[in-house]
Amino acid sequence: MGKTFARPESMSLAVTHYCPGCTHGIIHRLVAEVIDELGICGRTVGIAPVGCAVLAYNYFTFDFQEAAHGRAPAMATGIKRVRPDLTVFTYQGDGDLASIGMGEIIHAANRGEKFTTIFVNNAVYGMTGGQMAPTTMPGQRTTTSPFGRNVDDVGMPIKVAELLAALQTPAYIVRQAVLKPKYIVKAKKAIKRAFQYQLDRKCFSLVEIISTCPTNWGVNPVEAITWAEEKMLPYYKLGEYKTPEDV
Amino acid sequence: MSKVLMKGNEAIGEAAIRSGCLNYFAYPITPQSEVAEYLARRMPEVGGVFLQGESEVAVSYMIFGAAAAGARVFTTSSSPGISLMSEGISYMAGAQCPAVFVNIMRGGPGLGGILPSQADYFQATKSLGHGDFRLLVMAPASVQEAVEMMMDAFPLAEKYRNPVMILGDGLIGQMMEPVEFPDSKKTEPLNNDAWATSGLDTRKSDTRNLVKSLFLDPEALNNNNLLLKSKYEQMKREEVRFEAYNTDSAYNVLIVSYGTMSRVCRTAIDSMKADGIEVGMIRPQTLFPFPEDQIRAAADVTHCSVVASIEMSMGQMIEDIERSVQGKKPVKWFGKCGGDVPTPEEVVA
Amino acid sequence: MQNEVQFAGFGGQGIMLIGKILAHAAMEEGFEVSWVPSYGPEMRGGTAYCTVVISDQPIGSPVIKNPRHLVAMNRPSLEKFAPAVQKGGIIFINGSLISVNSGRDDVDELVVPVVEMAKELGNVKTANIIALAAFVARSGVVGIEALKGSIKEEFAQKQKLIPMNMQAVDAGIQAAKKD
């Protein structure tokens, strides 16, 4: 009897630098499993962001590029335009994608660039130490919103999936979570479908993944999951926002 | 091959294609938008890639992504646009990616103007972006030279795995002159299997490639910077280009000037020669590496009493000239930076 | 030997085009040429001018303070640029739009009502070609055959315009003689 659970070939042996209770490791694994299942490790290029996942390239076994803050969609565009045969994905956090890189992601999505974006939304800047993100929840305390996010002052959290789904160009836009196994199963399906659309050269695809940051939220991992379910999921509703079959 | 009359901007676009580069990303800005307009029609004819990005910032990363994937790629812009691209160019230098950036300069600072200028000398040769890096910078003085430098730029970028800049002023882009595209300058990209993220299957390798400029370990970062430095030292040894004019005369004044400005100087030298006054000129064709030894040698002859930096900027190149001359002769500056190109008559005066 | 010709007028009068046609003709005759435009945000209606430098030697400065000749297609251009023309040069004046002369007695002044002539030919857009042909016939900076060849190449994608432009060239040559 063979192994029923093993390390995906697309994942390296490196031990991750992520904090206890962080969900990046789960998401990395889902991406690696999908790439293995699709058999595309040898023609995949990943693009790491600036943020907690800046070192993501250490945890995969295929080619990787490292972007500047927010610019991964432009780099992915460059690769896909000159090498449409490669499978390209960006892996971006909420500060990277929804703040400094908002211009790049909107235009890449609107051009219908045939790459995949894994967008990790944990409502905070992680690597720089817990500052407010565009996705930080109303009233949520961060180091730069010490009295809680004041929406009169800095606006409401940006719903990236809804915002990108409003573009007229066909795309696959979906939001899932990795808080519990029931969510993880759906998240993996969404990631696989996103890559499949890319392989079919069909459309731009983005999977927003609701995630946790126990360290910067100042709670333990279990409390973090509860908080995300209670505070984030009612605002960031899970589901498909757009498929290329729509329109 | 017969000559064709082309605008500098269009000739630059065509030269890239003729040298074997079929990938172009850009954002429009005066006075070089004709490159994008030309290539929007031309690239589809040759099966190449043309994409108008959403900003110069994004374009610099499209270039980075494409170059890191192993493609020959270039962009064109003008001064304010180059400032925006400087971020991506710094990343590319750190990650050792080749590409060609063309700056058809306009006046600054800020929005400045749209007329010819050489105000980005410091930016191109000293501090284009953050971090410890250099570009190989070539400065054409005619449309034909712009073509030839473009065609040379790609193999040079690949030789050094470093961005190369073509630094022209607005006139180089806007002027029409006869050009020919030497077939001999068409090149094949160097093999980049050792570093490009071209896909494991593409290069039939088990070793993945990683293109990055992040080195958190101080020793690793220091080593990367030492490696970059060694490349810049090699450029200084191997890539200096210059042209000497009237330096076999007993000149009293030695002019150093580049680009369009150097052509104005050439006319001024001719007219002074007719009046019995001998003036020599060194025209740097590469601004980095700078022809330091050649300028020092030309200044260090007994009949030369003064060296003049003549530039369409407020005294930028003069610092490199002073460094080259090493105090052996006084160095003076003459220039204009509002968009008017100084006339030969003004240079003579 | 170097000739510099400045062409000036309103944007939309085809100033840049006739400069380019002359530069092309000179190139075909084996000369070194530079075509230097004014450029700016105004695409229509503003002042447009360009300078064509034609030389049997490599061209030094493409920036010319005192051109040998001037082709002025409107009054502001004439007033602005006529004083800079070299002694003994030609100043071409579009007589249809300019009611004054250059005020110079040391140049060869050629006044041609190109707009009326173009209307007679049936297309007012040929006024610039009439002006160019008249100037070329008077100055001899390039041969008429080279000029015609250059015009044909410029309109290679619009063949049906070529006969009318050839008529415009002939009309311009005649006008240069009559003066």
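Residues numbered from 1 in each chain as written. Chains lettered and ligands numbered in written order. Predicted model: local features only at pLDDT ≥ 70, side-chain atom pairs only at ≥ 80, totals over all residues. Heavy atoms only, no water.

**Some points on the overall build of chain B**
In step 1: Secondary structure summary: chain B contains twelve helices and 15 strands in total.
In step 2: The C-alpha atoms of chain B give a radius of gyration of 20 Å, which matches the 20 Å a tight globule of 349 residues would have.
In step 3: In terms of overall dimensions, chain B has C-alpha extents of about 70 × 50 × 40 Å along its principal axes.
In step 4: Relative to its 349 residues, chain B shows a buried fraction of 62%.
In step 5: Long-range contacts, defined as pairs at least 24 residues apart, comprise 80% of the intrachain contacts of chain B with a sequence gap of at least 6.
In step 6: Summed over its atoms, the accessible surface of chain B is roughly 12,600 Å², and 51% of this surface lies on carbon and sulfur atoms. (Helix = DSSP H or I, 4+ residues; strand = E, 2+ residues; numbered from the N terminus. Rg over C-alpha atoms; globule rule 2.2 N^0.38 Å. Buried < 20%, exposed > 50% of the residue type's maximum accessible area, 1.4 Å probe, protein only. Contact = heavy atoms within 4.5 Å. Areas by Shrake-Rupley, 256 points an atom, 1.4 Å probe, with all protein chains shown as cover.)

**Digging into the interface of chain B and chain C**
In step 1: Taken together, the contact pairs 25 residues of chain B with 20 residues of chain C.
In step 2: Note on chain B versus chain C: buried area summed over both sides is about 1,800 Å², and carbon and sulfur give 69% of it.
In step 3: Three residues, B:Leu5, B:Met176 and B:Arg263, lead the burial of chain B against chain C; their summed loss comes to 30% of the area buried on that side.
In step 4: Linking chain B with chain C are nine residue pairs in polar contact (both at pLDDT 80 or more), by the criterion used here.
In step 5: Within the residue set of the side of chain B that touches chain C, elements represented by two or more residues are β1 (4–7), α7 (170–174), β8 (176–179), α9 (259–274) and α12 (344–348) of chain B.
In step 6: The leading source of residues in the side of chain B that touches chain C is α9(B), at five residues. (Buried area = accessible area lost by both parts, 1.4 Å probe. Polar contact = N/O pair within 3.5 Å; in protein donor to acceptor, adjacent residues only side chain to side chain.)

**Re helix α6 (residues 143–160) of chain B**
In step 1: A rise of 1.5 Å per residue sets the reference length of α6(B), with its 18 residues, at 26 Å; its end C-alpha atoms lie 25 Å apart and thus fit the reference within 8%.
In step 2: Helix geometry: α6(B) is bent most strongly at B:Ala153, by close to 30 degrees, with proline B:Pro155 lying one to four residues after it. (Expected span 1.5 Å × (residues − 1). Bend = angle between axes of the 7 residues up to and from the residue.)

**Considering the interface of chain B and chain A**
It is common to give the size of an interface as the accessible area that goes away when the parts come together.
In step 1: Across the boundary between the two partners, chain B contributes 34 residues, which contact 33 residues of chain A.
In step 2: Ranking the residues of chain B by area buried against chain A places B:Glu54, B:Tyr61 and B:Arg208 at the top, with a combined share of 22%.
In step 3: On the surface where chain B and chain A come into contact, there are three salt bridges.
In step 4: A salt bridge links B:Glu54 to A:Arg111, with the nearest nitrogen and oxygen atoms 2.9 Å apart.
In step 5: Taken together, chain B and chain A are joined by 20 residue pairs in polar contact (both at pLDDT 80 or more).
In step 6: Counting only elements with at least two residues in the side of chain B that touches chain A, the list comes to β2 (23–26), β3 (49–52), α3 (56–68), α4 (79–95) and β9 (210–211) of chain B.
In step 7: No other element matches the eight residues that α3(B) contributes to the side of chain B that touches chain A.
In step 8: Taken together, the residues of the side of chain B that touches chain A break down into 19 nonpolar, nine polar and six charged.
In step 9: In this sheet, β9(B) lies alongside strand β2 (residues 63–66) of chain A in parallel orientation, the contact comprising two bridges. Residue pairing across strands places A:Gln65 opposite B:Val211, the latter belonging to β9(B). (Salt bridge = Lys/Arg side-chain N within 4 Å of Asp/Glu carboxyl O. Nonpolar A, V, L, I, M, F, W, Y, C, P; charged D, E, K, R; others polar. Pairing = 2+ DSSP bridges.)

**A short note on empty space enclosed by the protein**
Residue and element names in this part refer to chain B.
In step 1: Within the structure shown, the criterion is met by one cavity of 30 Å³ or more.
In step 2: When its volume is computed, the largest cavity comes out at roughly 40 Å³.
In step 3: Per-element tally for the lining of the largest cavity: the top contributor is α6, with three residues.
In step 4: The residue inventory of the lining of the largest cavity, partitioned by class, reads six nonpolar, no polar and two charged. (1 Å grid on protein atoms, 1.4 Å probe; cavity = no way out; pocket = protein on both sides within 12 Å on 5 of 7 lines; lining within 4 Å. Points joined across faces, edges and corners; volume = space filled by probe spheres on them.)

**So, the sheet that holds strand β14 (residues 306–311) of chain B**
Residue and element names in this part refer to chain B.
In step 1: With mixed pairing, the five strands of this open sheet are ordered in space as β10-β12-β11-β14-β15. Only two strands of the sheet have a single neighbouring strand rather than two, namely β10 (242–245) and β15 (331–335). Averaged over all pairs of adjacent strands, the angle between their axes in this sheet comes to 20 degrees, without regard to strand direction.
In step 2: Together, β10, β11 (253–256), β12 (279–284) and β14 form the strand contacts of α9, whose direction differs from that of β12 by roughly 165 degrees. (Axes fitted to C-alpha atoms, helices over the stretch in contact; angles between N-to-C directions.)

**Looking at the packing of helix α1 (residues 24–38) of chain A against helix α7 (residues 181–199) of chain A**
All names here are of chain A.
In step 1: At their nearest, the axes of α1 and α7 sit 10 Å apart, and the two run at 45 degrees to each other. With respect to each other, α1 and α7 are oriented oblique. For the crossing formed where α1 meets α7, the hand is right-handed. Along its contact with α1, which presents Ile26, Leu30, Val31, Glu33, Val34, Ile35, Glu37 and Leu38, the element α7 presents Ile184, Ala187, Lys188, Ile191, Lys192, Phe195, Gln196 and Leu199.
In step 2: Split by residue class, the contact of α1 with α7 holds eleven nonpolar, one polar and four charged. (Parallel < 35°, antiparallel > 145°, perpendicular 65-115°, else oblique. Left-handed = near helix turned anticlockwise from the far one by under 90°.)

**Details of the domain arrangement of chain B**
Residue and element names in this part refer to chain B.
In step 1: Annotation of chain B at the domain level lists domain 1 (4–197 + 229–236) and domain 2 (242–348).
In step 2: With centres defined by C-alpha atoms, the gap from domain 1 to domain 2 works out at 26 Å.
In step 3: Contacts between the two partners involve 31 residues from domain 1 and, on the opposite side, 26 residues from domain 2.
In step 4: Between domain 1 and domain 2, roughly 2,300 Å² of surface is buried when both sides are summed, and carbon and sulfur atoms account for 56% of that area.
In step 5: Here domain 1 is connected to domain 2 by three salt bridges.
In step 6: At the boundary of domain 1 with domain 2, the tally comes to 15 residue pairs in polar contact (both at pLDDT 80 or more).
In step 7: Mapped onto the side of domain 1 that touches domain 2, the elements with two or more residues apiece are α5 (121–125), β6 (136–138), α6, β7 (163–169), α7 and α8 (218–238). (Domains from an automatic or database assignment.)

**A short note on the packing of aromatic side chains**
In step 1: In this structure the tally under the stated criterion is 21 aromatic pairs over all chains.
In step 2: Centre to centre, the rings of B:Tyr121 and B:Tyr258 are 5.8 Å apart; their planes meet at 45 degrees, and the pair counts as tilted. With B:Tyr121 in helix α5 and B:Tyr258 in the loop between β11 and α9, this residue pair connects regions lying 137 residues apart in the sequence. For the pair formed by B:Tyr121 and B:Tyr258, the shared burial category is buried.
In step 3: Pairwise contacts between aromatic rings join A:Phe60, A:Phe62, A:Phe64, A:Phe89 and A:Phe195 into one cluster.
In step 4: Above the plane of the ring of B:Phe215 lies B:Lys212, whose end atom (NZ or CZ) is 4.5 Å from the centre. (Phe/Tyr/Trp six-rings, centres within 6.5 Å; stacked < 30°, edge-to-face > 60°. Lys NZ or Arg CZ within 6 Å of the ring centre and 35° of its normal.)

**Some points on α7(A)**
In step 1: Taking 1.5 Å of rise per residue, 19 residues should cover 27 Å, and α7(A) covers 27 Å from first to last C-alpha, within 8% of that figure.
In step 2: Trailing α7(A) by a residue or two, A:Arg201 shows a phi angle of about 55 degrees, which is positive.

**Notes on the side chain of C:Asn165**
Residue and element names in this part refer to chain C.
In step 1: By the element assignment, Asn165 lies in helix α6 (residues 162–178).
In step 2: Side-chain polar atoms of Asn165 contact the backbone oxygen of Leu161, separated by 2.9 Å.
In step 3: Excluding residues within four positions of it along the chain, Asn165 makes contact with Thr126, Ile129, Ile151 and Phe155.

**What about the pattern of salt bridges?**
In step 1: One pass over the structure, following the stated rule, counts 40 salt bridges over all chains.
In step 2: A salt bridge links A:Lys180 to A:Glu229, with the shortest nitrogen-to-oxygen separation between them at 2.8 Å. Within this pair, whereas A:Lys180 is found in the loop between β5 (171–177) and α7, its partner A:Glu229 is found in helix α9 (residues 221–232), the two being separated by 49 residues in sequence.
In step 3: Note that C:Lys148 and C:Asp170 form a salt bridge whose closest N and O atoms lie 3.5 Å from each other. In this pair, C:Lys148 sits in helix α5 (residues 144–154) while C:Asp170 sits in helix α6, placing the two residues 22 residues apart along the sequence.
In step 4: One network of salt bridges, in which partners are shared, links A:Arg29, A:Glu33, A:Glu37, A:Lys188 and A:Lys192.

**Here's the deal with unusual backbone geometry**
In step 1: Cis geometry is found at the peptide bond from B:Thr30 to B:Pro31, where omega equals 5 degrees.
In step 2: Examined against the element boundaries, B:Pro31 turns out to sit in the loop between β2 and α2 (33–45).
In step 3: The linkage connecting B:Gly108 with the following residue, B:Pro109, adopts the cis geometry, with an omega of 0 degrees.
In step 4: For B:Pro109, the location among the structural elements is in the loop between β5 (99–105) and α5.
In step 5: Of note, A:Ala123 is a non-glycine position whose phi angle comes to about 65 degrees, a positive value.
In step 6: Look at A:Ala123 and you get buried, because its relative accessible area is 0%.
In step 7: Positive phi is not limited to glycine here, since B:Asn246 has a value of about 55 degrees.

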